[in-house]
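Okay, here's what each chain looks like letter by letter:
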Amino acid sequence: MTVHVDHIPTAADAETPQFEDDVTPEAASTAGTLFCIFAAFALILLPFATVAGKRPLGWIQEPWSWPFIVLVVALLGGGGLAFDYLRLRRKPGFSAKAKEAFAGMGRSFAYAAAFLAFIGGVWLIGFTLASILFMQALYYMSGLRGAKWSLIGLAVTVAIVLAFRVGLGIWFPLPPIMLLFPDWVGNALGEYL
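Just so it is clear, the structure is predicted and the values come from calculations on it, not from any experiment.

Chemist: So what about the nonpolar core? Which residues, and what values?
Modeler: Of all hydrophobic cores here, the largest spans 8 residues; its members are A114, F118, V122, I125, F127, A130, F134 and V161. Of all the elements in the fold, those that place two or more residues in this core are α5 (106-125) and α6 (127-141). At 4 residues, α5 tops the list of elements feeding residues into this core.

Structural data, given as structure tokens:
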């Protein structure tokens, strides 16, 4: 029996970064095209999502300026991937290789969905309650499920709320959930929720 060795590892190999996977052009072009579509959509919504600043500090400090710059750069930088997508999509086996762009992203999508729920929750139930629920969900999704971790999550949330409310002086309007309670509840607790 003969063993054939193509390459004997050297010290230089130890310093060379090893990548787990090679990204196929189909997967890269699909992901890049989706990011370009998102950037174009965000660019279209930008005038409706921002308002003019209250102080005349110049266009560079307007709320729309930096998102505009970043989205335009994203479109210019990802444009080549969109053209690659259009060129490659007719090749046989494209869809199977393109699906590699999303391999292993289930957990990322779950965290993104939890964050979007948190953002909606801030409006509906208030910053404090939404933060408590979000932090507990993150700890649970991460596999940290014991009582110790629930208490740590609660302590971290209290620290964040105190940093925003007391340290930075950031307050949100009374959440709509407070309308379900008597006025004294909203007056007593509303500013802390």
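Moving on from the coordinates now.
Chemist: An account of the environment of L75 is needed here, citing residue identities and associated values.
Modeler: Assignment of secondary structure puts L75 in helix α3 (residues 65-88). With 37 residues separating them along the chain, L75 and F38 place their C-alpha atoms 9.4 Å apart. Setting aside its immediate chain neighbours within four residues, L75 contacts C36, A39, A40 and L43.

Chemist: I'd like a description of α3, backed by residues and values.
Modeler: Taking 1.5 Å per residue as the helical rise, α3 with its 24 residues ought to reach 34 Å, and the 35 Å between its terminal C-alpha atoms agrees with that figure. Among the structural elements, α2 (25-49) and α4 (94-98) are those in contact with the buried residues of α3.

Definitions and limits used
- Just so you know, the residues in each chain are numbered from 1, in the order the chain's sequence is written.
- Residue-level local features of this predicted model are given only where pLDDT is at least 70; pairs of side-chain atoms are given and counted only at 80 or more, and the full residue set underlies all totals for whole chains, interfaces and linings.
- To obtain the side-chain values, all non-hydrogen atoms of the structure were used and water was disregarded.
- Buried Ala, Val, Leu, Ile, Met, Phe, Trp, Tyr and Cys residues form a nonpolar core when they are joined through side-chain atoms within 4.5 Å.
- Relative accessibility under 20% of the residue-type maximum defines a buried residue, over 50% an exposed one, and the middle range a partly exposed one, all with a 1.4 Å probe and only protein chains included.
- By definition, any uninterrupted DSSP run of H or I lasting at least four residues is a helix, any uninterrupted run of E lasting at least two residues is a strand, and each is numbered from the N terminus.
- Residues count as neighbours in contact if any of their non-hydrogen atoms are within 4.5 Å of one another.
- By this rule the span expected of a helix is its residue count minus one, scaled by 1.5 Å.

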